[in-house]
Amino acid sequence: MEIIRVTTQDQLQECFKVRFKVFVDEQQVPEHLEMDEKDESPETCHHFLIVDGEQPVAAARWYEYQPQTAKMQRVAVLKEYRGKSLGKQIILAMEQQAREENCTSSILDAQCQAEGFYNQLGYQVISTEPFYDAGILHVRMKKPL
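Residues numbered from 1 in each chain as written. Predicted model: local features only at pLDDT ≥ 70, side-chain atom pairs only at ≥ 80, totals over all residues. Heavy atoms only, no water.

> With reference to specific residues and values, describe the overall build of the protein chain.
Tallying secondary structure elements over the protein chain gives four helices and eight strands in all. Element order for the protein chain, N to C, with α for helix and β for strand: β-α-α-β-β-β-α-β-α-β-β-β. A compact globule built from 145 residues should have a C-alpha radius of gyration of about 15 Å, and the protein chain, at 14 Å, falls within 12% of that. Taking the principal axes of its C-alpha atoms as reference, the protein chain extends roughly 40 × 35 × 30 Å. The proportion of buried residues among the 145 residues of the protein chain is 46%. (Helix = DSSP H or I, 4+ residues; strand = E, 2+ residues; numbered from the N terminus. Rg over C-alpha atoms; globule rule 2.2 N^0.38 Å. Buried < 20%, exposed > 50% of the residue type's maximum accessible area, 1.4 Å probe, protein only.)

> Before we move on, could you go through the pattern of salt bridges and cite the residues and values that matter?
All told, the structure shown has 13 salt bridges when counted by the stated rule. Notably, a salt bridge pairs K17 with E14, separated by 2.9 Å at the nearest N-O pair. Here E14 and K17 lie together in helix α1 (residues 9-26), a separation of three residues that amounts to about one turn. For the salt bridge of E34 with R74, the shortest nitrogen-to-oxygen distance reads 3.4 Å. (Salt bridge = Lys/Arg side-chain N within 4 Å of Asp/Glu carboxyl O.)

> Any details on the packing of aromatic side chains? Residues and values, ideally.
According to the stated counting rule, one finds three aromatic pairs in the structure shown. For the pair Y63 and Y65, a centre-to-centre distance of 6.4 Å together with 70° between the ring planes defines the contact as edge-to-face. Connected via pairs of aromatic rings, a cluster forms that spans F117, Y118 and Y123. Positioned over the ring face of Y63 is K38, at 4.3 Å from the centre of the ring. (Phe/Tyr/Trp six-rings, centres within 6.5 Å; stacked < 30°, edge-to-face > 60°. Lys NZ or Arg CZ within 6 Å of the ring centre and 35° of its normal.)

What follows is the structure, encoded as structure tokens:
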């Protein structure tokens, strides 16, 4: 397994393949809600990809949401690769780059079913109550970096 900091359009397309399988196909998120302006190029956001040989198996992205605050998004691991710590690895890799970019905290909007996963990585819920995003209940979580 290799974690890649995405720098090419081809690598970015590999990220989209993983995200579409997880969010659009599996979770039924409408396609038009999955993609946004941060997906236009590898320069518009910090995208990460995990490959198993040539096979893309996990993807995520982050950007500077507010000064010194990274926002982690679109964390996706193919179903057959879950339980292998890939989600943890990609989050830790993004946090490392965020620290390199002088971020001191990280936030994310976690699907409620993934709250325990993020809690194990040091994230704490900061939203007062769950909210819907793309028809799925989420909570906002934060962690110091």
